[in-house]
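# A look at the structure
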Amino acid sequence: MRGQVSNELLVVIGFILLILIPLLYIMFFKMDAIRADLALLQVHFSVARISFLVNAIGHMGDGSAMITEIYIPGTVEAAEITEHEIIFTLLTAGEKNDVVRTTQFPMEDKGDFLGEELGSGRYRVELFNEGGTVVISPQPNPGST
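Worth saying up front: this structure is predicted, and the values here are computed from it rather than measured. (Residues numbered from 1 in each chain as written. Predicted model: local features only at pLDDT ≥ 70, side-chain atom pairs only at ≥ 80, totals over all residues. Heavy atoms only, no water.)

### Focus on the pairing of strand β4 (residues 95-102)
Selection criterion: We treat two strands as partners when DSSP finds at least two bridges between them. Each helix corresponds to a stretch of at least 4 residues labelled H or I by DSSP, and each strand to a stretch of at least 2 residues labelled E; elements are numbered beginning at the N terminus.
Pairing of strand β3 (residues 85-92) with β4, which is carried by eight bridges, proceeds in the antiparallel orientation. Following the sheet pairing, Glu85 is matched in β4 by Thr102. Adjacent in sequence and paired antiparallel, β3 and β4 are bridged by two residues, among which Ala93 carries a positive phi angle near 55°.

### So, the pattern of salt bridges
As a reminder of what qualifies: For salt bridges, the criterion is a side-chain nitrogen of Lys or Arg within 4 Å of an Asp or Glu carboxyl oxygen. Any residue under 20% of the maximum accessible area for its type is buried, any over 50% is exposed, and the rest in between are partly exposed; the area is computed with a 1.4 Å probe on protein chains only.
All chains considered together, the criterion is met by four salt bridges. Across the pair Asp32 and Arg35 runs a salt bridge whose closest N-O atoms are separated by 3.8 Å. With a gap of three residues between them, Asp32 and Arg35 both fall in helix α1 (residues 4-60), about one helical turn apart. Owing to a relative accessible area of 59%, Asp32 belongs among the exposed residues under this scheme. The partner of Glu77 in a salt bridge is Lys96, and the shortest N-O contact between them spans 3.5 Å. With Glu77 in strand β2 (residues 76-81) and Lys96 in strand β4, the pair connects residues that are 19 residues apart, well separated along the chain.

### Notes on the sheet that holds β3
Heads up, the rule is: Every axis corresponds to a line fitted to the C-alpha atoms, with the helix fit spanning only the stretch in contact, and the corresponding angles, defined between N-to-C directions, vary from 0 to 180 degrees. Contacts are residue-level and defined by heavy atoms, with any inter-residue pair within 4.5 Å sufficient.
Taking strand neighbours across the sheet as the criterion, the three strands line up as β2-β3-β4 in an open arrangement whose pairing is antiparallel. This sheet does not close on itself; its edge strands, each paired only once, are β2 and β4. Geometrically, the sheet is characterised by an average inter-axis angle of 15° between neighbouring strands, direction not taken into account. α1 rests against β2, β3 and β4 of the sheet, and its axis sits at about 170° to β3.

Right, dumping it as structure tokens:
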């Protein structure tokens, strides 16, 4: 009877390790795919947010404005605004993917859409309705002013 608790504890720890080690092994090799999916979801959310706000500010009328903050992952290579489209190009698994959202109102890009350098991080963007056209311009972050 001596040592029965420690033997049972060793068996339980053995079963836990038997399950945990293969799970960690699988997660380690799937991490790149998980990161790519997460980046794609973040870009979809950012593009959808801008599109929604452009439509909302367009409906509110001339002179309405809003400042919003979006997150851009490091895999985004380009961000472009056309008259009725928001286009983000990102590189995932060696392929270029475009995330595109259309808007009901025409847009105008004041300067560079997200500032001089496009990199990973949070960006503040101002949207302003000027005569039915929504003007999008980058804003400085509160910590940098």
